[in-house]
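Residue-level listing of the chains:
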Amino acid sequence: MKVRFLYPAFLEYNSAIDYYNIQQIGLGKKFIKEIDRYLEIIKKYPESFPIYIVNTRKAVLNTFPYNIIYSYQDDVIIIYAIAHQHRQPDYWYSR
């Protein structure tokens with residue numbers, strides 16, 4: 001399966017990487033590895049995470065306070081948000 005980020009989700013992802021790199025050397029790389037690990041699971045088993053809102057699913061990261069909000073169709077996974085768990089819920093919904 002292919003993974004496609006919506007542009008706002010891509011910006012969120014990069015912003016989180018930048019934030020973690022400022023906090024501690026190497027922490028951004030750990031965040032990338034965590035996201036990549038979850039994306040691999042999503043690619044192999046797209047239905048393994050619970051249904052969230054209107055045809056989306058939510059993968060809750062273990063190490064970092066982020067969720068991956070996604071949907072899939074055919075062989076494409078669409079990432080709607082790399083959402084911080086303490087932000088206003090569903091802020092990404094209009095995407």
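Just above sits the structure.
Just so it is clear, the model here is predicted, and its values are computed rather than measured. (Residues numbered from 1 in each chain as written. Predicted model: local features only at pLDDT ≥ 70, side-chain atom pairs only at ≥ 80, totals over all residues. Heavy atoms only, no water.)

A.B. asks: Any chance you could break down the pattern of salt bridges for me, citing the residues and the numbers?
C.D. replies: Summed over the entire model, instances satisfying the criterion amount to two salt bridges. Residues Arg37 and Glu34 are paired through a salt bridge, measuring 3.6 Å at the closest nitrogen-oxygen approach. Of this pair, Arg37 and Glu34 are both found in helix H2 (residues 27-44), three residues apart, which corresponds to roughly one turn of the helix. Of the residues examined, Glu34 reaches a relative accessible area of 7% and is grouped as buried. (Salt bridge = Lys/Arg side-chain N within 4 Å of Asp/Glu carboxyl O. Helix = DSSP H or I, 4+ residues; strand = E, 2+ residues; numbered from the N terminus. Buried < 20%, exposed > 50% of the residue type's maximum accessible area, 1.4 Å probe, protein only.)

A.B. asks: So, the nonpolar core: which residues are in play, and what are the values?
C.D. replies: Phe31 and Ile68 are the most contacted members of the largest nonpolar core, which totals 21 residues. Counting residues per element, the ones that place at least two in this core are helix H1 (7-23), H2, strand E3 (66-73) and strand E4 (76-84). Here this core takes six residues from H2, the largest share from any one element. In this view, Phe31 contacts Tyr13, Ala16, Ile17, Tyr20, Leu61, Phe64, Tyr66 and Ile82; residues no more than four positions away in its chain are not counted. Counting residues in each nonpolar core, the second largest holds six residues, with Leu6, Ile69, Ile78 and Tyr80 among its members. (Core = buried A, V, L, I, M, F, W, Y, C linked by side-chain atoms within 4.5 Å. Contact = heavy atoms within 4.5 Å.)

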